[in-house]
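Per-entry structural report
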Amino acid sequence: MKPIIGVMPLFDTEKNSIWMLPGYLKGVEDAGGIPLVIPYTTDTAILEETDKIIDAYLFTGGNDVDPALYDEANVSSKDVNEIRDTMEKFIYDLAKKENKPVLGICRGIQIINALEGGTLYQDLESEHRSAERHIQKTPYDKPAHEVILLYESPLHKLLGTERLSVNSYHHQAIKKLAPGLRIMAMALDDIIEGIYDKKRLFMWAIQWHPEFATEWDSSKKIFGKFIEMAEVWHNEYSCS
Ligand SMILES: [Mn+2]
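Before going into details, it helps to say that this report is about the structure given with it. (Residues numbered from 1 in each chain as written. Predicted model: local features only at pLDDT ≥ 70, side-chain atom pairs only at ≥ 80, totals over all residues.)

1. Details of the pairing of strand E1 (residues 4–7)
We count it as follows: When DSSP locates at least two bridges between a pair of strands, those strands are taken to pair. Numbering of helices and strands starts at the N terminus; helices are DSSP runs of H or I of at least 4 residues and strands are runs of E of at least 2.
In terms of strand pairing, E1 meets strand E4 (residues 34–37) through 4 bridges, oriented parallel. Note on E4: the bridge partner recorded for Gly6 is Leu36. As judged from the 3 bridges shared by E1 and strand E5 (residues 56–59), these two strands associate in the parallel manner. When the bridges of E5 are listed, Val7 appears paired with Leu58.

2. Section: the environment of Cys239
Following the sequence through the fold, Cys239 ends up in the segment after helix H7 (217–236). Sequence-wise, Cys239 and Lys52 are 187 residues apart; in three dimensions their C-alpha atoms are separated by 9.8 Å.

3. Notes on unusual backbone geometry
Using the following cut-off: In this scheme every C-beta is placed from the backbone, and a residue whose C-beta has 20 or more other C-beta atoms within 10 Å is buried, one with 12 or fewer is exposed, and one in between is partly exposed.
Look at the link from Thr138 to Pro139: it is a cis peptide, with omega at 0 degrees. Assignment of secondary structure puts Pro139 in the loop between helix H5 (124–127) and strand E8 (145–149). Of note, Cys106 is a non-glycine position whose phi angle comes to about 55 degrees, a positive value. For Cys106, a count of 23 C-beta atoms within 10 Å translates into the label buried.

4. Regarding the environment of Ala144
Rules: This entry defines residue contacts through backbone-placed C-beta atoms, with two residues in contact when those atoms are within 7 Å.
Mapping Ala144 onto the fold places it in the loop between H5 and E8. Looking at Ala144, the number of C-beta atoms within 10 Å reads 19, which means it is partly exposed. Setting aside residues no more than four positions away along its own chain, Ala144 makes contact with Arg133, Gln136, Val166, Asn167 and Ser168.

5. Thoughts on the sheet that holds E5
The criterion, for reference: Note on geometry: axes are lines fitted to C-alpha atoms, helical ones only across the stretch in contact, with angles between N-to-C directions running from 0 to 180 degrees.
With mixed pairing, the 9 strands of this open sheet are ordered in space as E4-E1-E5-E6-E13-E12-E11-E8-E9. On the outer flanks of this sheet lie E4 and strand E9 (163–166), each paired with one strand and no other. Ignoring strand direction, the axes of neighbouring strands in this sheet form an average angle of 20 degrees. Of the pairings in the sheet, the one linking strand E12 (residues 192–196) to strand E13 (residues 203–206) comprises 3 bridges and is antiparallel in character. Each residue of the ladder has a partner; that of Ile195, found in E13, is Ala205.

6. Comments concerning the pairing of E8
With 4 of its 5 residues buried, E8 lies for the most part within the structure. Examined bridge by bridge, E8 and E9 share 4 bridges and lie antiparallel to one another. By the bridge assignment for E9, Ile148 is matched with Arg163. Bridging between E8 and strand E11 (residues 182–187) involves 3 bridges; their strand directions are antiparallel. In the strand pairing of E11, Leu149 is matched with Ala185.

7. As for the nonpolar core
For clarity, the cut-off: We define a nonpolar core as a collection of buried residues of the types Ala, Val, Leu, Ile, Met, Phe, Trp, Tyr and Cys that are connected via C-beta atoms lying within 7 Å of each other.
Counting 61 residues, the largest nonpolar core has Val28, Ala56, Tyr57, Leu58, Phe59, Val102 and Phe226 as its most contacted members. Among the elements that line this core, the one with the most residues is H7, at 7 residues. Not counting chain neighbours up to four residues away, the residues in contact with Tyr57 comprise Gly6, Ile91, Ala95, Lys100 and Val102.

8. A word on the packing of helix H1 (residues 22–30) against H7
For clarity, the cut-off: Oblique is the label for any angle not covered by the other classes, which are roughly parallel (under 35 degrees), roughly antiparallel (over 145) and roughly perpendicular (65 to 115). Left-handed describes a crossing in which the near helix is turned anticlockwise from the far one by less than a right angle; the clockwise case is right-handed. Each residue gets one label: Ala, Val, Leu, Ile, Met, Phe, Trp, Tyr, Cys and Pro are nonpolar, Asp, Glu, Lys and Arg are charged, and the others, such as Gly, are polar.
Two elements in contact, H1 and H7, have axes whose closest approach is 8 Å; the angle formed by their N-to-C orientations is 65 degrees. When the axis of H1 is compared with that of H7, the two are roughly perpendicular. The handedness of the crossing between H1 and H7 is right-handed. Facing H1, whose interface residues are Gly27, Val28 and Asp30, H7 presents Ser219, Lys220, Phe223 and Ile227. Tallied by class, the residues present in the contact of H1 with H7 amount to 3 nonpolar, 2 polar and 2 charged.

9. Re H1
Regarding H1, the residues found buried are Gly23, Tyr24, Leu25, Gly27 and Val28. Elements that come into contact with the buried residues of H1 comprise E1, E4, E5 and H7. Positive backbone phi, approximately 100 degrees, marks Gly32, located one or two places after H1.

As structure tokens, this is what we get:
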């Protein structure tokens with residue numbers, strides 16, 4: 001039985017259209033999961049119904065998080081999407097209550113930190129000047145900067161290295177880490193690039209983009225660990 005992974009839909013504001021990067025689906029599929037894109041809706045009855053068949057959730061990249069989620073005015077956040085914020089908050093709370101595995105990528109790490117009580121840099125370049133290149137040019141499957149994997153953190157244990165080259169395409173980042181969450185990866189300019197929640201079965205979030213680099217060993221291992229924990233959840237927690 002392959003675990004079913006709920007994938008947050010991406011939204012193109014200009015085209016008023018949902019869309020998807022195949023890398024998210026491929027990453028899940030290659031690791032042995034079945035990706036299922038969640039309906040783009042704030043109807044909680046629908047989200048509760050789809051939740052019944054889902055074992056774990058992938059919080060994808062995309063739109064900036066509305067700073068209202070961390071009680072700040074919008075200074076330089078772009079392309080916020082109220083529907084995504086609302087539905088992802090509902091799903092995150094639901095997943096947490098049910099102890100379902102969660103993997104956050106890019107916007108994923110940002111909204112998770114905001115929902116857990118942390119804050120974000122709304123525009124990294126103007127608020128945190130550094131030599132690191134957090135917005136790389138294409139191709140996105142090439143490394144842009146390094147991260148330090150904190151000693152004995154789950155990512156350090158998984159990958160067996162203290163330094164990892166990652167791609168980078170984000171103009172926001174964690175500013176104040178949410179209470180209860182821990183850092184597992186950090187860029188050389190002190191920007192937090194990986195977090196986890198020790199108290200949960202599996203809640204990891206990273207700032208880089210394994211979906212653009214599904215052939216990297218680190219990407220395969222991260223998706224692999226996520227799907228492995230989705231299987232654990234399915235076998236040990238679900239009723240089906
Ligand atoms: Mn970065």
